Each structure stands twice: as C-alpha cells, then as structure tokens.
Amino acid sequence: MTLPPNTKRFLEEAGAIAQFTGRFFREVFRPRYEWSAFIQQCYMIGYKSLPLVGLTGFIMGLVLTMQLRPSLIDYGVESELPAMVGIAIVREIGPVITALIFAGKIGSSIGAELGSMKVTEQIDAMEVSGTNPFKYLVVTRVLATTFMLPILVLLGDAISLYGAYLGVNIKATTSFSLYYTQVFNNLSFSDVLPAFVKSFFFGFAIGIIGCFKGFHSSKGTEGVGRSANSSVVLGSLMVFIIDLIAVQVTDILGFN
Amino acid sequence: MSNTEAAILIQNLYKGFGSNQVLKGFNLRLNKGENLAVLGKSGSGKSVLIKCIIGLMQPDEGEITVLGESISSLNQDHLDHLRVKIGFLFQSNALYDSMTVRENLEFPLRRHWMEISDKETNDLVMESLENVGLAHTVDLMPIELSGGMRKRIALARTLILKPEIILYDEPTTGLDPITSKEISDLMNALQKKYNTSSIIISHDMNCIQRTADRMILLVDGIAYAEGEFDTLKASTDPVILPYFE
C-alpha cells in the first residue's frame with residue numbers, strides 16, 4: 001500500500017521528532033552536564049520573557065473581567081465575578097495563553113537561532129571543538145523551557161489576577177482583600193495542580209519542537225525562516241493537543 | 001614518499017548520498033609537515049572528504065587513519081581527544097554569532113582544557129589574535145568584522161589548541177584577491193611557525209600555488225592525478241587542463 005505523499009511526510013516527521021525526543025532523554029542523564037549553559041538559557045528564556053508574559057497576562061485579566069461582567073449582571077451573579085475570573089485564569093486561560101505567547105517568542109527564537117547555527121556550520125564547529133552540540137544546545141534549551149514556563153505561568157497568573165482586580169474596580173468598588181479572598185476561597189488544590197503540571201508539558205513540547213526544527217534546518221536563510229515559522233505553528237498546535245489530553249487525564253483522575 | 005610518516009592516510013574511501021555516489025574509492029596520503037591541496041569542481045566531494053576525516057560524516061566504506069588512529073574505530077571520547085590535534089577552518093568561518101571574538105576563541109580552550117586558568121586563557125587568546133594581526137578586535141562581535149577579518153579570527157580559533165593538522169575548507173572563497181593573498185601568506189606563516197600538516201580544499205589556483213607543496217585532483221570521486229603544482233600545470237591531459245586555464 002502506498003501512502004499519500006503528505007501522510008508519508010507527516011509520519012516521517014512524527015517519527016523523526018520521536019527519535020529526537022528519545023535522544024534528549026538519553027543525553028539528559030549522561031555527563032557532561034552543561035550547568036552554565038543551562039543557567040544562561042534559563043535567564044534568556046525565562047527572565048527575558050517575563051515582561052511580555054506579564055503585559056499579556058495583565059491585559060488578559062482586565063479584558064476578561066470587562067467582558068464577563070455584562071453576562072453575570074444579566075444572571076444576577078455579578079458578585080461571583082472575582083471567583084469566576086480567578087478559576088478561568090488559573091485553570092485554563094493563564095497556562096494556555098502564556099504557553100502560546102511563549103511558543104511565539106521562544107519557539108521561534110530557538111528555531112531561528114539553531115537553524116542559523118546549522119546553516120552557517122556553527123553546530124559542526126561546536127562538534128569539532130569536542131562539544132556535544134545536542135547536549136550543549138538542545139538539552140539545555142529544552143530543560144530551560146520545561147522549567148521556566150511553569151514559573152512564567154504562575155507569575156502570569158498573578159499579574160493577570162491583578163489586572164482582573166483593576167477590571168472589577170472599573171465599574172464597581174471592591175477592596176483588594178475582599179477581591180483576593182473571593183478568588184482564593186473558590187480556588188482549590190485541584191484547580192492549581194493540574195494547570196501547573198500541564199505547563200511543564202507545554203514547555204517541554206515548545207522546546208523540543210523549536211530545537212528539532214532548528215537542528216534540522218536546511219536550504220540557507222529560507223530554511224531558517226521556515227524553521228522559525230514551523231516551530232511556532234507546531235509548538236502552538238502541540239499546546240492545544242496537550243491541553244486536550246490534560247483535560248481528559250485530570251477528568252479521569254478526578255481533578256475536575 | 002612512503003617512508004615519510006603519514007599524518008593522514010585515506011584508503012579506498014566511499015561516500016554517497018542516496019543514489020549520488022560522491023567518493024568512489026578515494027585515496028590520499030598527507031605527510032607530516034606537508035601542505036596538500038585537494039582541487040575539484042563544486043560538488044565533487046571535497047568538503048565531504050574533510051568532514052569524513054574529522055568525523056563529522058561517516059564514510060560508507062574505506063579506512064581513514066589520522067595520526068596513527070583509525071577514525072572509524074574510535075568512540076566519541078577518543079574522537080574528541082583526537083580532534084584537539086586537528087584544526088578545522090570552515091568555509092563559512094562558523095564563528096559563534098552570539099559570542100564576542102574573545103569568547104569564540106575561549107570556547108575550544110575551556111571545552112578541552114577544563115583546568116586552564118583565566119590568565120592562561122587570556123594569554124593564549126591574545127597570542128592567537130596577535131598571530132593573525134587582530135588583537136584589537138578581542139571584544140568585538142563577529143558581525144562587526146569584515147569578511148577577511150572573520151576568516152582571520154576563524155583561523156586564530158583553529159590554531160588556539162595548537163593542532164598538528166589543519167583542514168582548510170575553501171579558505172579564500174568569497175574574499176577579494178588582495179585579502180585572499182593575505183590569507184594564503186598567513187597560512188604559510190602559521191604552518192612554518194607551528195610546523196603543522198594541512199589539507200587545503202580549494203578551487204582558488206592562486207591560493208593553491210602559494211600554499212601547497214603537493215596537490216590532488218579529485219575527479220569523479222577518485223584521486224585522478226596528484227603531484228606538484230607545476231607538474232600538473234604542465235600536463236596535457238584534457239581532464240586536467242581546464243583547471244589551469
């Protein structure tokens with residue numbers, strides 16, 4: 001049986017990504033450990049993404065509150081606005097929006113950087129220098145995205161909740177302590193934990209796809225552009241797929 | 001010639017990509033202290049050849065012996081150890097864009113000689129840069145340098161580990177004739193200073209004439225002809241003639 005070319009290409013790429021992921025797990029536990037490169041990547045990937053994540057989180061909280069208010073007024077439950085916004089942000093909107101922003105900023109940057117290094121022979125030069133480029137470039141970046149995204153999600157959630165607090169106060173007056181009491185009284189462990197855990201998977205997927213696309217870049221500058229672009233597209237798609245799986249798993253585990 | 005010690009010995013090398021067989025039983029011997037040029041058309045497999053020598057590509061068949069060690073039998077650690085003795089000047093220079101000139105030169109040092117002190121590192125970096133006449137660029141980024149300067153910095157990085165063998169991949173491609181001549185002269189000066197053995201992949205006849213003791217013509221995947229520049233230039237073989245016209 002002959003597969004259609006697109007299906008064949010899709011299956012080949014999926015297989016190559018699986019192999020690449022397998023290599024990551026083999027290399028990650030094997031010395032030499034690139035601690036300084038990992039710390040540097042955490043700074044570049046985590047700290048440098050904070051302003052963008054903070055700004056989008058703030059706007060998201062503010063807008064969500066303003067959009068929700070009329071509907072809640074219609075149902076006569078305007079007082080539930082902080083609780084509703086809090087749950088929406090912490091359970092779903094915070095992790096997913098932060099991950100999508102992260103895929104756009106970091107996924108593309110990793111894809112373009114590694115792609116550019118590949119086509120200008122910098123990766124070969126690294127190997128000739130006695131450095132394992134997979135360990136130095138890929139393992140450090142994937143670990144950094146995996147561990148930085150959950151932290152960014154927590155910070156993004158906090159900033160988003162503050163944006164929502166300002167949103168609540170545009171057309172009403174609610175004290176800071178009352179607002180946060182209402183938010184946290186309605187949040188439980190089962191709201192926070194699954195959202196936090198799934199953001200590790202989001203970070204891992206974005207990192208591994210960005211690195212895969214960059215590491216397998218070809219055809220000069222055109223190939224670099226394509227690597228950056230497909231890192232964002234595939235990374236964002238993976239965020240939704242993982243989110244879908246996470247919802248099913250948390251449902252089965254009784255977290256919903 | 002066979003009595004001289006070989007720095008690199010290649011026997012019956014085959015390498016292909018799918019249906020495209022690039023090297024078809026290629027043989028080469030690089031004697032210690034010798035500059036050997038490999039000349040061939042674009043796509044003839046010259047770069048593939050030196051990437052096989054350094055272990056960046058695996059040959060399909062054949063034997064590559066570098067400084068007495070068979071490349072194919074080495075594990076990764078031993079290969080890395082051997083690579084300290086081999087410098088590689090990439091066609092694109094392959095300077096790390098995100099690092100300064102100093103960091104570019106420090107990178108191989110810190111990877112291979114982990115116990116090296118900051119002072120020793122700095123001394124070696126400055127020595128390498130002085131060798132290529134660019135000590136003043138130490139804190140610049142590669143993007144701030146001209147093509148010729150980048151080539152010199154790449155050469156300084158290649159030399160910093162004091163290799164016994166240097167593999168040059170198109171060292172003068174993309175450079176103007178004057179800079180090209182400067183790079184060729186620099187290659188000669190450094191070869192004399194450090195007594196290195198070199199393989200120079202090129203199709204720049206001026207560079208080959210200036211730097212090579214001997215040359216090999218790579219045609220259809222084999223070493224079609226070899227000898228000194230003037231000997232090959234005097235040949236009336238219709239395959240060799242076009243390279244010297």
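Heads up: the structure comes first, above all this text.
Residues numbered from 1 in each chain as written. Chains lettered and ligands numbered in written order. Predicted model: local features only at pLDDT ≥ 70, side-chain atom pairs only at ≥ 80, totals over all residues. Heavy atoms only, no water.

### With respect to the overall build of chain B
Secondary structure summary: chain B contains nine helices and 10 strands in total. Along the longest, intermediate and shortest principal axes, the C-alpha atoms of chain B span 55 × 45 × 40 Å. Per-residue burial for chain B yields a buried fraction of 56% across its 245 residues. Residue pairs at least 24 apart in sequence account for 67% of intrachain contacts in chain B once pairs closer than 6 positions are excluded. Element-wise, carbon and sulfur atoms account for 49% of the exposed surface of chain B, whose accessible area totals about 10900 Å². The averaged location of the 33 negative side-chain charges in chain B is 1 Å from the averaged location of its 24 positive side-chain charges. (Helix = DSSP H or I, 4+ residues; strand = E, 2+ residues; numbered from the N terminus. Buried < 20%, exposed > 50% of the residue type's maximum accessible area, 1.4 Å probe, protein only. Contact = heavy atoms within 4.5 Å. Areas by Shrake-Rupley, 256 points an atom, 1.4 Å probe, with all protein chains shown as cover. Lys, Arg positive; Asp, Glu negative; His and termini not counted. Charge placed at Lys NZ, Arg CZ, Asp CG, Glu CD.)

### Here's the deal with the pattern of salt bridges
The final tally for this structure, using the stated rule, is 25 salt bridges over all chains. Beyond isolated ion pairs, a larger network of salt bridges with shared partners links R23(A), E27(A) and K135(A). (Salt bridge = Lys/Arg side-chain N within 4 Å of Asp/Glu carboxyl O.)

### Digging into helix α2 (residues 35-45) of chain A
Residue and element names in this part refer to chain A. For α2, the set of buried residues is A37, F38, Q41, C42 and I45. Buried residues of α2, seen end-on, are gathered within an arc of 140 degrees and therefore sit on one face of the element. The outward face of α2, more than 90 degrees from its buried face, is lined by the exposed residues W35, S36 and I39. Buried residues along α2 sit against α4 (81-119) and α6 (133-171). (Arc of directions from axis to C-beta.)

### Overview of the pairing of strand β9 (residues 214-219) of chain B
Residue and element names in this part refer to chain B. Taking burial as the measure, the six residues of β9 include six buried ones, the bulk of the element. Of the two faces of β9, both are covered, the one formed by R214, I216 and L218 as well as the one formed by M215, L217 and V219. Note: strand β3 (residues 35-40) against β9, five bridges, orientation parallel. Bridge pairing in β9 places L36 opposite R214. Taking the residues between adjacent antiparallel strands as the criterion, β9 and strand β10 (residues 222-227) are bridged by two residues, where D220 takes a positive phi near 50 degrees. (Pairing = 2+ DSSP bridges.)

### Remarks on the packing of aromatic side chains
Counted under the stated rule, the structure contains 23 aromatic pairs over all chains. Here the aromatic rings of F229(B) and F244(B) are separated by 5.4 Å at their centres, their planes lie at 70 degrees, and the arrangement is edge-to-face. Linking F229(B) in helix α8 (residues 229-233) with F244(B) in helix α9 (residues 241-244), this pair joins segments that are 15 residues apart in sequence. With respect to burial, F229(B) and F244(B) carry one shared label: buried. Taken together, the ring pairs connect Y162(A), Y165(A), F176(A), Y179(A), Y180(A) and F184(A) into an aromatic cluster. Sitting over the ring of Y96(B), R157(B) keeps its end group 4.7 Å from the ring centre. (Phe/Tyr/Trp six-rings, centres within 6.5 Å; stacked < 30°, edge-to-face > 60°. Lys NZ or Arg CZ within 6 Å of the ring centre and 35° of its normal.)

### Re the nonpolar core
Formed by 80 residues in total, the largest nonpolar core has its most connected members in I8(B), L28(B), I53(B), L167(B) and I199(B). Sort the elements by how many residues they give to this core and α6(A) lands first, with 11 residues. If we skip the residues at most four places from it in the chain, L167(B) touches I8(B), I50(B), I53(B), I54(B), I86(B), G87(B), F88(B), L89(B) and I199(B). One finds L155(B), L186(B), I240(B) and Y243(B) within the second-largest nonpolar core, a separate group that totals 44 residues. (Core = buried A, V, L, I, M, F, W, Y, C linked by side-chain atoms within 4.5 Å.)

### So, helix α3 (residues 101-112) of chain B
By the criterion of burial, α3(B) is predominantly enclosed, with nine of the 12 residues buried. Inspection of α3(B) places V101(B), N104(B), L105(B), E106(B), F107(B), P108(B), L109(B), R111(B) and H112(B) among the buried residues, and these make up the whole buried set.

### Looking at the sheet that holds strand β1 (residues 6-17) of chain B
Pairing between sheet strands relies on hydrogen bonds along the backbone, with the strands arranged either parallel or antiparallel. Residues and elements named next belong to chain B. On the basis of which strands lie adjacent, the open sheet formed by four strands has the order β2-β1-β4-β5 and antiparallel pairing. With one partner strand each, in any of the chains shown, β2 (20-31) and β5 (69-70) form the two edges of the open sheet. Sheet topology note: the strand β4 (residues 61-66)/β5 ladder contains two bridges and is antiparallel. Across the sheet, residue T65 finds its bridge partner in β5, namely S70. Against the sheet, helix α1 (residues 46-54) contacts β1, β2 and β4, and its axis sits at roughly 120 degrees relative to β1. (Axes fitted to C-alpha atoms, helices over the stretch in contact; angles between N-to-C directions.)

### Brief notes about the layout of surface pockets
Here the largest pocket defines a volume of roughly 1000 Å³. Here the lining of the largest pocket is composed, by residue class, of 11 nonpolar, eight polar and 14 charged. Considering only enclosed or pocket space, the second largest pocket measures out at about 710 Å³ in volume. Around the second largest pocket sit 28 residues that line it, and A37(A), Q40(A), Y136(A), M99(B) and F107(B) are the ones nearest its centre. At the level of secondary structure, the elements contributing two or more residues to the lining of the second largest pocket comprise α2, α4 and α6 of chain A together with α3 of chain B. The leading source of residues in the lining of the second largest pocket is α2(A), at seven residues. Counted by class, the lining of the second largest pocket contains 14 nonpolar, six polar and eight charged residues. (1 Å grid on protein atoms, 1.4 Å probe; cavity = no way out; pocket = protein on both sides within 12 Å on 5 of 7 lines; lining within 4 Å. Points joined across faces, edges and corners; volume = space filled by probe spheres on them. Nonpolar A, V, L, I, M, F, W, Y, C, P; charged D, E, K, R; others polar.)

It is worth stressing that arrangement in space is one thing and function is another; only the former is reported here.
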